[in-house]
Amino acid sequence: MEHHKQVSSKEGLAALDRIRQICMELPEVTEEIDGFGHTSFRVKDKPFVMMGENKEGVSAAIKTLPTTQEFLIQQPGYFKTPYIGQHGWTSLFIIENQNWEDLKGYIYEGYCRAAPKRLSKLISNAEIH
């Protein structure tokens, strides 16, 4: 698998904007570009979503629960994130007909895994689903 680089295609930037909108609804989220060019969304400097792009497309890695990861990697298009998948990170390539509601739920789950309890308590189950 080719290494990812910074999101730069028209489709990639549109997907990044959509994910940014979801992430920035959450308390105390910051956006950073790391040394590899990945865009990451963080809470208290802990990443919960990372995005990159390569010739295969635009991908997002989300810090999911191990049970969610096991479920998702059985679904088409999802896979364990290389190098960090053992920590619950699950990746997918963003597709044209992406189910954004499902993805939003996984992003919220990632936020709750990374955020301190005082912040994750602010996110209700009603908002996640």
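Predicted model, so just to flag it, every value in this text is computed and none were measured.

Procedures and definitions
- Residues numbered from 1 in each chain as written.
- Predicted model: local features only at pLDDT ≥ 70, side-chain atom pairs only at ≥ 80, totals over all residues.
- Heavy atoms only, no water.
- Helix = DSSP H or I, 4+ residues; strand = E, 2+ residues; numbered from the N terminus.
- Buried < 20%, exposed > 50% of the residue type's maximum accessible area, 1.4 Å probe, protein only.
- Contact = heavy atoms within 4.5 Å.
- Areas by Shrake-Rupley, 256 points an atom, 1.4 Å probe, with all protein chains shown as cover.
- Lys, Arg positive; Asp, Glu negative; His and termini not counted.
- Charge placed at Lys NZ, Arg CZ, Asp CG, Glu CD.
- Pairing = 2+ DSSP bridges.

A. The overall build of the protein chain, seen in detail. In terms of regular secondary structure, the protein chain is built from five helices and six strands. What you see in the protein chain, going N to C, is helices and strands ordered as α-β-β-β-β-α-β-β-α-α-α. Its C-alpha atoms give the protein chain principal-axis dimensions of about 40 × 30 × 30 Å. Evaluated residue by residue, the protein chain yields a buried proportion of 50% over its 129 residues. Counting contacts in the protein chain only where the partners sit at least 6 residues apart, residues at least 24 apart contribute 57% of the total. For the protein chain, the accessible surface area stands at approximately 7,400 Å², while carbon and sulfur atoms represent 53% of it. Here the protein chain contributes 15 positively and 17 negatively charged side chains, and the mean placements of these two sets differ by 7 Å.

B. Seen up close, the pairing of strand β2 (residues 39-43). The buried count for β2 comes to five of five residues, which makes it a mostly enclosed element. In this antiparallel pair of consecutive strands, strand β1 (residues 29-33) and β2, the connection spans five residues, and Gly37 shows a positive phi of 90 degrees. In this sheet, strand β3 (residues 46-54) lies alongside β2 in antiparallel orientation, the contact comprising five bridges. Paired with Thr39 across the two strands is Met51, which belongs to β3.

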